[in-house]
Amino acid sequence: MKSSDPDRKTVLADAAIDAIGEDGLRGLTHRAVEMKAGLPPGTCSYHFPTRRALLAAVLHRIAELDRADIERFSVEPLSPDMEPDSLIDGAARTLAHWLGPARARSRARLLLELDPPSRQLTAATVDTVTAEFIAFAATVTGDKERAGLIVALIDGLVLDELTHGVVPVDVERLRSKVAAVAALALPGLHST
């Protein structure tokens, strides 16, 4: 049974992401997660005995999926020498995915980061995940300070699109927003 533990934990974290993204934080209970995952009662509380443990697993899983999306949609390997259009195109495709098929995940992440009781339970996890993303962005900027600015601006763009954007996502509109973020955070970047 031990070999299935990581798979069950992933299934539970994915179900919790869906629960939060679709029903908000009030709908997040161990039983709701088990029902979404199609697992028997007690499974979620066995793997994640506390709400803090469940929320931390959710945040780590979201970060894992988001990093995989960034790499999947990048036109070329992330580096400070990337062509501006490649960087912007990859980022726009990533965001289109986060605001389209992965919309519930993006909503769940922001809800967890903005909800005071959840934030209190997960502050250390949020800080760790944010630091990881800033380090990841620094592979493009070459600078931790500008990387932090990019992460903050992209978070703001995601929040704005979730609350005011159109569905389905207008990728060209999104691309122009990403180009504006890149121009602000990466002076000297010139795209066509």
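None of the values given here were measured: they were computed from a predicted structure. (Residues numbered from 1 in each chain as written. Predicted model: local features only at pLDDT ≥ 70, side-chain atom pairs only at ≥ 80, totals over all residues. Heavy atoms only, no water.)

Draft legend 1. How the structure looks around the packing of helix α8 (residues 144-164) against helix α9 (residues 171-185). α9 packs onto α8 with a crossing angle of 155° between their chain directions and a minimal axis gap of 10 Å. With respect to α9, the axis of α8 lies roughly antiparallel. Of the two elements, α8 crosses α9, and the hand of that crossing is right-handed. Residue-level contacts link Arg 146, Leu 149, Ile 150, Leu 153, Ile 154, Leu 157, Asp 160 and Glu 161 of α8 to Arg 173, Leu 174, Lys 177, Val 178, Val 181, Leu 184 and Ala 185 of α9. Split into classes, the residues belonging to the contact of α8 with α9 amount to 10 nonpolar, no polar and five charged. (Axes fitted to C-alpha atoms, helices over the stretch in contact; angles between N-to-C directions. Helix = DSSP H or I, 4+ residues; strand = E, 2+ residues; numbered from the N terminus. Parallel < 35°, antiparallel > 145°, perpendicular 65-115°, else oblique. Left-handed = near helix turned anticlockwise from the far one by under 90°. Contact = heavy atoms within 4.5 Å. Nonpolar A, V, L, I, M, F, W, Y, C, P; charged D, E, K, R; others polar.)

Draft legend 2. The arrangement of the environment of Thr 43 in detail. Here Thr 43 is to be found in helix α3 (residues 43-47). A relative accessible area of 7% means that Thr 43 is categorised as buried. Between the alpha carbons of Thr 43 and Leu 25 there is a distance of 20 Å; along the sequence they are 18 residues apart. Not counting chain neighbours up to four residues away, the residues in contact with Thr 43 comprise Arg 8, Leu 12 and Glu 34. Here the side chain of Thr 43 touches Pro 40 through a polar contact of 2.7 Å, landing on its backbone oxygen. (Buried < 20%, exposed > 50% of the residue type's maximum accessible area, 1.4 Å probe, protein only. Polar contact = N/O pair within 3.5 Å; in protein donor to acceptor, adjacent residues only side chain to side chain.)

Draft legend 3. Focus on the packing of aromatic side chains. Taken as a whole and assessed by the stated rule, the structure comprises one aromatic pair. For the pair Phe 133 and Phe 136, a centre-to-centre distance of 6.4 Å together with 85° between the ring planes defines the contact as edge-to-face. Residue Phe 133 and its partner Phe 136 are both found in helix α7 (residues 116-141); the two are separated by three residues, about one turn of the helix. Of the two residues, Phe 133 and Phe 136, neither departs from the other in class, the shared state being buried. (Phe/Tyr/Trp six-rings, centres within 6.5 Å; stacked < 30°, edge-to-face > 60°.)

Draft legend 4. Layout of the nonpolar core. Counting 33 residues, the largest nonpolar core has Leu 95, Trp 98, Leu 99, Phe 133, Ile 154, Val 158 and Leu 174 as its most contacted members. Only α4 (51-73), α5 (84-99), α7, α8 and α9 provide two or more residues apiece to this core. Leu 12, Ala 57, Ile 62 and Val 126 belong to the second largest nonpolar core, which has 22 residues in total. (Core = buried A, V, L, I, M, F, W, Y, C linked by side-chain atoms within 4.5 Å.)

Draft legend 5. Region of the structure containing the packing of α4 against helix α6 (residues 103-114). Contact geometry of α4 with α6 gives a least axis separation of 10 Å together with a crossing angle of 135°. Considering their axes alone, α4 and α6 lie oblique with respect to each other. Along this stretch, α4 crosses α6, giving a crossing that reads as left-handed. Mapping the contact onto sequence places Leu 55, Val 58, Leu 59, Ile 62, Leu 65, Asp 66 and Asp 69 in α4 and Arg 105, Ala 108, Arg 109 and Leu 112 in α6. Looking at the contact of α4 with α6 residue by residue, the class counts come to seven nonpolar, no polar and four charged.

Distances and angles like these do not, on their own, reveal function.
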